[in-house]
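Take a look at the letters that make up each chain.
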Amino acid sequence: MEAYREKFSCSVQVLDPPRPTQGCREAASGPRILFFSGGTALSRLSQTLIRYTHNSIHLVTPFDSGGSSAKLRQAFHMPSVGDIRNRLIALADRSIPGIPEVCQLFAFRFPRTGTLGDLRARLERIVWGNDPLVT
């Protein structure tokens with residue numbers, strides 16, 4: 001654990017000590033924070049953070065080399081968007097009607113098991129709006 005702390009430690013300067021209850025009421029005037037990370041690294045923290053401040057900047061690198069993002073990047077000759085998508089989902093305001101469902105759609109992953117025909121059929125249902133995720 002100590003090696004982890006040394007590798008990932010950082011310094012933080014707090015000019016105004018946080019007031020969590022005030023932050024929940026006044027997120028628009030919350031502290032300014034800059035994050036530089038991958039998409040999944042701060043996903044949970046980002047979901048909590050939006051209750052305390054709307055003044056955060058998230059620099060997410062589009063160089064994800066993992067799983068499905070790498071396959072999409074290779075197939076379509078494009079930058080990886082998985083990390084950016086993941087962070088946008090984390091920062092979405094789920095109190096707005098319809099947003100939780102959109103987040104669920106964007107977070108969807110095809111199962112690793114199943115036949116090619118089953119996966120293709122599910123994709124077609126999603127594309128044509130006949131899948132529960134889309135309806």
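Since we're looking at a predicted model, the values are computed, not measured. (Residues numbered from 1 in each chain as written. Predicted model: local features only at pLDDT ≥ 70, side-chain atom pairs only at ≥ 80, totals over all residues. Heavy atoms only, no water.)

Enquirer: What is the right way to read helix α7 (residues 116-127) from this model?
Expert: It helps to recall that an α-helix has 3.6 residues per turn; residues three or four apart then point in one direction. In this model α7 runs 16 Å from its N-terminal to its C-terminal C-alpha over 12 residues, within 8% of the 16 Å that 1.5 Å per residue would give. Gly 129 occupies a position one or two residues after α7 and carries a positive phi of about 80°. (Helix = DSSP H or I, 4+ residues; strand = E, 2+ residues; numbered from the N terminus. Expected span 1.5 Å × (residues − 1).)

Enquirer: Whenever I open this one, the pairing of strand β2 (residues 56-60) confuses me. Can you help?
Expert: One face of the sheet, then the other: side chains in a regular strand alternate in exactly this way. Going residue by residue along β2, you find Ser 56, His 58 and Val 60 tucked away on one face and Ile 57 and Leu 59 left uncovered on the opposite face. Inspection of the sheet shows strand β1 (residues 33-37) paired to β2 by five bridges, in the parallel sense. From the neighbouring strand, Phe 36 faces β2, where its bridge partner is Leu 59. (Buried < 20%, exposed > 50% of the residue type's maximum accessible area, 1.4 Å probe, protein only. Pairing = 2+ DSSP bridges.)

Enquirer: I'm lost on the packing of aromatic side chains in this one. Help?
Expert: For any two aromatic rings, the description comes down to two numbers: the centre-to-centre distance and the angle of the planes. Within this structure, the stated rule accounts for one aromatic pair. Geometrically, the ring pair formed by Phe 108 and Phe 110 is edge-to-face, given 4.9 Å between the ring centres and 75° between the ring planes. The exposure class of Phe 110 is partly exposed, given its relative accessible area of 35%. (Phe/Tyr/Trp six-rings, centres within 6.5 Å; stacked < 30°, edge-to-face > 60°.)

Enquirer: Please clarify how the confidence of the model for the chain should be interpreted in this entry.
Expert: When pLDDT is low, close inspection of the predicted coordinates is not appropriate. Here the chain averages 74 in pLDDT, while 71% of its residues score no lower than 70. Confidence scores differ between elements of the chain, with helix α1 (residues 2-7) showing the lowest mean pLDDT of 52 and α7 the highest of 90. (pLDDT = per-residue confidence, 0-100.)

Enquirer: Any chance you could explain the pattern of salt bridges here in plain terms?
Expert: In this structure the tally under the stated criterion is two salt bridges. Here Arg 122 ties to Asp 131 by a salt bridge, and the two come within 2.5 Å at their closest N and O atoms. The class of Arg 122 is partly exposed, set by a relative accessible area of 23%. Overall, the relative accessible area of 1% leaves Asp 131 in the buried class. (Salt bridge = Lys/Arg side-chain N within 4 Å of Asp/Glu carboxyl O.)

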